[in-house]
Amino acid sequence: MSGAMTTTAADGSHGGAEAPRQGNRSDWLTPVNLAIAVATLVALGLRWYLLIRPGILTVTQYDDGPYFGSAVRLVHGVMPYRDFAFVQPPGITLIMSPAALLSYLTGTAWGLVIGRILTVLAGAAAVALAGLLVRHRGVLAVLLTCGILALYPAAAGASHTVLLEPWLVLFCLAGAVAVFDGDRVTASAKRLAWGGVLFGFAGTIKAWAIVPVLVIAALCLPRLRRAATFVAGVAAGFIVTILPFAIASPRLFYDDVVVAQLARIGHRDPTYHRLESMIGIPGAQNWTKGTVVAACIALVAFVFITQAAAWLLTRQAPPLLDWFATVSAALIVAIFLWPPYFASHYSAFLAPFLAMAVALPVSRLVAALSGAAARRQAPAGPEATADGPATPGPTGLLLARAGLILLAVAIVVGAVAQAPKRGLSISRRQSPGLVSRVVPAGACIATDQSSFLLLANRFTSNVPGCSQMVDGLGTDLALSRGRRPSSGAGRVPAVAAAWNHAFSEAGYVLLSDKNALRIPWTPQLTRYFHRNFTRILHGYGYTLYKRTTPGANHTG
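Residues numbered from 1 in each chain as written. Predicted model: local features only at pLDDT ≥ 70, side-chain atom pairs only at ≥ 80, totals over all residues. Heavy atoms only, no water.

Glancing now at the packing of helix α9 (residues 210–220) against helix α14 (residues 320–337). Across the interface, α9 lies against α14 with an axial gap of 9 Å and an inter-helix angle of 145 degrees. Helix-helix and strand crossings are classified by hand; for α9 and α14 the assignment is right-handed. Here Val211, Pro212, Val215, Ile216 and Leu219 of α9 lie close against α14, whose contacting residues are Leu320, Trp323, Phe324, Val327, Ser328, Leu331, Ile332 and Ile335. Class assignment for the residues of the contact of α9 with α14 results in 12 nonpolar, 1 polar and no charged. (Axes fitted to C-alpha atoms, helices over the stretch in contact; angles between N-to-C directions. Helix = DSSP H or I, 4+ residues; strand = E, 2+ residues; numbered from the N terminus. Left-handed = near helix turned anticlockwise from the far one by under 90°. Contact = heavy atoms within 4.5 Å. Nonpolar A, V, L, I, M, F, W, Y, C, P; charged D, E, K, R; others polar.)

What follows covers helix α2 (residues 64–75). The first and last C-alpha atoms of α2 sit 17 Å apart over 12 residues, in line with the 16 Å expected at 1.5 Å per residue. With 10 of 12 residues buried, α2 lies mostly within the body of the structure. Within α2 the residues assigned to the buried category are Asp64, Gly65, Pro66, Tyr67, Phe68, Gly69, Ser70, Ala71, Val72 and Arg73. Elements that come into contact with the buried residues of α2 comprise α3 (91–106), α4 (108–134), α7 (164–179) and α18 (450–455). One or two positions beyond α2, positive phi appears at Gly77, with a value near 85 degrees. (Expected span 1.5 Å × (residues − 1). Buried < 20%, exposed > 50% of the residue type's maximum accessible area, 1.4 Å probe, protein only.)

Inspection of the secondary structure puts His273 in helix α12 (residues 271–278). Judged by relative accessible area, which is 36%, His273 ranks as partly exposed. Sequence separation of His273 and Lys289 is 16 residues, and the distance between their C-alpha atoms is 8.6 Å. A polar contact of 3.2 Å, which involves the side chain of His273, links it to the side chain of Tyr272. (Polar contact = N/O pair within 3.5 Å; in protein donor to acceptor, adjacent residues only side chain to side chain.)

In this approach, a probe sized like a water molecule rolls over the atoms, and the result shows the empty space that is left. According to the stated counting rule, one finds 1 cavity of 30 Å³ or more in the structure shown. A volume near 80 Å³ is recorded for the largest cavity. Counting residues per element, the ones that place at least two in the lining of the largest cavity are α4, α6 (153–158) and α7. Here the element with the most residues in the lining of the largest cavity is α7; it accounts for 3 residues. (1 Å grid on protein atoms, 1.4 Å probe; cavity = no way out; pocket = protein on both sides within 12 Å on 5 of 7 lines; lining within 4 Å. Points joined across faces, edges and corners; volume = space filled by probe spheres on them.)

In this section: α14. The end-to-end C-alpha distance of α14, which contains 18 residues, comes to 26 Å, matching closely the 26 Å that a straight helix rising 1.5 Å per residue would cover. Considered for burial, the residues of α14 that qualify are Leu321, Asp322, Phe324, Ala325, Ser328, Ala329, Ile332 and Phe336. Seen from one end, α14 has its buried residues packed into an arc of 160 degrees, which puts them on one side. (Arc of directions from axis to C-beta.)

Moving on, we come to the packing of α3 against α4. At a minimum axis distance of 7 Å, the contact between α3 and α4 shows a crossing angle of 150 degrees. Between α3 and α4, the interaxial angle falls into the category roughly antiparallel. For the crossing formed where α3 meets α4, the hand is right-handed. For the pair α3 and α4, contact is made by Met96, Ala99, Leu102, Ser103 and Thr106 and by Thr108, Trp110, Gly111, Ile114, Gly115, Leu118 and Thr119, respectively. Residue composition of the contact of α3 with α4, grouped by class: 6 nonpolar, 6 polar and no charged. (Parallel < 35°, antiparallel > 145°, perpendicular 65-115°, else oblique.)

Take the state of the cysteines next. For the coordinates displayed, the defined rule picks out 1 disulfide. Residue pairing for Cys444: its cysteine sulfur links by disulfide to Cys466, the two sulfurs lying 2.1 Å apart. Given an S-S torsion of about 90 degrees, the disulfide between Cys444 and Cys466 has right-handed geometry. One end of the pair, Cys444, is in the loop between α17 (435–438) and β3 (445–447); the other, Cys466, is in the loop between α18 and α19 (472–480), with 22 residues separating them in the sequence. Taking the relative accessible area as the measure of exposure, Cys444 reaches 1% and is therefore buried. (Disulfide = S-S within 2.5 Å.)

Counting through the fold element by element, Pro318 comes out in the loop between α13 (289–314) and α14. For Pro318, a relative accessible area of 8% corresponds to the buried category. Spatially, the C-alpha atom of Pro318 lies 9.3 Å from that of Asp183, the residues being 135 residues apart in sequence. If sequence neighbours within four positions are ignored, Pro318 has contacts with Gln307, Trp311, Trp323 and Arg364.

Okay, here's the thing in structure tokens:
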């Protein structure tokens with residue numbers, strides 16, 4: 001009689017030591033690994049489709065302008081924080097730097113496209129990592145976790161351009177795979193340290209990584225040495241990454257990354273808009289407020305009841321991995337509900353933790369129910385031992401596998417149903433690439449949305465004194481301690497001076513259709529603009545103006 005405890009997964013596999021495999025099937029060709037591969041391919045296909053739809057691959061998004069633009073500035077020797085305002089930690093700048101280096105050969109337009117493709121791959125890779133994190137719990141846990149993450153609307157949508165959340169999730173999940181050994185925190189100091197480094201680097205992408213870090217540190221207790229090893233790895237990954245930027249300009253780094261984010265002033269986004277994004281159900285944005293709230297309550301109740309039922313049946317408290325997923329998800333929801341500003345793609349960070357919070361108790365409950373049913377059906381005798389649940393019979397295995405196949409088909413069908421059927425119809429006469437035909441290379445162009453200049457290959461300038469601004473809104477927030485143009489940023493002298501400098505040195509001005517959200521149009525700036533610039537081109541989402549009077553420095 002073996003002393004090792006085993007658990008039966010929903011597909012009939014066991015959670016303990018694996019029995020020797022028979023036959024010629026390759027070691028990697030297991031149901032669990034196939035489930036991970038299928039879900040990852042579905043995630044990749046959905047994200048790739050969202051990227052390559054007509055007009056999408058080279059269409060402008062606001063956030064990818066600062067994120068990729070900061071990397072282009074860095075590889076040209078211009079330092080974030082010291083030389084231009086940048087309100088995020090430097091992780092995304094470093095991640096995009098290889099693609100930015102390629103822009104020397106390909107131009108910034110193709111460099112940005114490469115950055116978007118890399119982000120698609122990061123989003124799909126996160127699905128594979130989530131599967132690896134829960135693979136010891138069987139095929140059901142893998143399919144639910146990977147399926148939810150693959151189809152989660154915010155996660156899929158955030159991966160089609162250069163945004164922070166796909167990369168943040170990727171490094172958090174990589175850190176979790178290193179830290180967890182099955183359901184428990186690993187006893188390996190090396191794995192804890194490297195997991196901490198990965199989480200630390202995740203924190204240099206976005207500060208939200210502190211949530212899973214705190215949860216893991218708490219789960220390491222009361223073993224202080226284990227907690228200290230993990231926290232030391234986090235500190236190393238974080239400090240080593242930010243130190244060069246912080247040393248170059250300590251005060252500006254602090255103002256940009258900390259003050260500008262914590263002191264944001266503006267209109268509060270409605271709570272139900274946040275909930276319809278976080279619920280992760282396609283089409284929830286068309287629901288009524290009552291339906292959204294009811295769905296959220298039902299989801300919380302489902303997780304609680306499932307976890308409680310598994311606890312009662314197994315007579316064992318939830319494993320540490322379950323606590324990690326559930327507590328992290330709850331804390332992330334709390335921090336998303338607290339600040340005044342919320343964007344729908346933020347929910348992509350919630351996706352893996354919510355997926356595991358749903359999948360892990362479900363798989364644990366199904367395994368417990370399957371084991372109980374097998375014990376009731378098994379004849380008394382040597383086959384029924386006290387070491388663990390009996391293996392389900394052929395009928396039970398057949399039903400379990402049929403259910404898993406249906407679940408896998410549902411994941412694929414869900415991806416197809418979620419994929420938009422139409423792209424954008426943008427002619428060449430409207431695309432940002434047209435700017436390069438009328439603006440000479442190296443010209444100084446002021447803009448509120450740098451992604452237009454990146455796609456036009458006119459982002460860099462050889463004009464002395466040209467503004468290095470990459471993020472119009474971020475500049476407002478950083479220089480005004482969290483104010484937007486709508487909340488008085490233009491009344492802050494530093495903000496007005498930054499925009500006055502950008503316009504006075506420019507030979508051209510490219511304004512997006514949403515420029516009023518980013519440019520503080522003071523009377524002085526408005527008069528200067530109308531006296532010195534005239535419209536020469538209108539495209540999809542932007543208008544280009546050319547200087548008509550001599551400026552301090554400009555070309556064209």
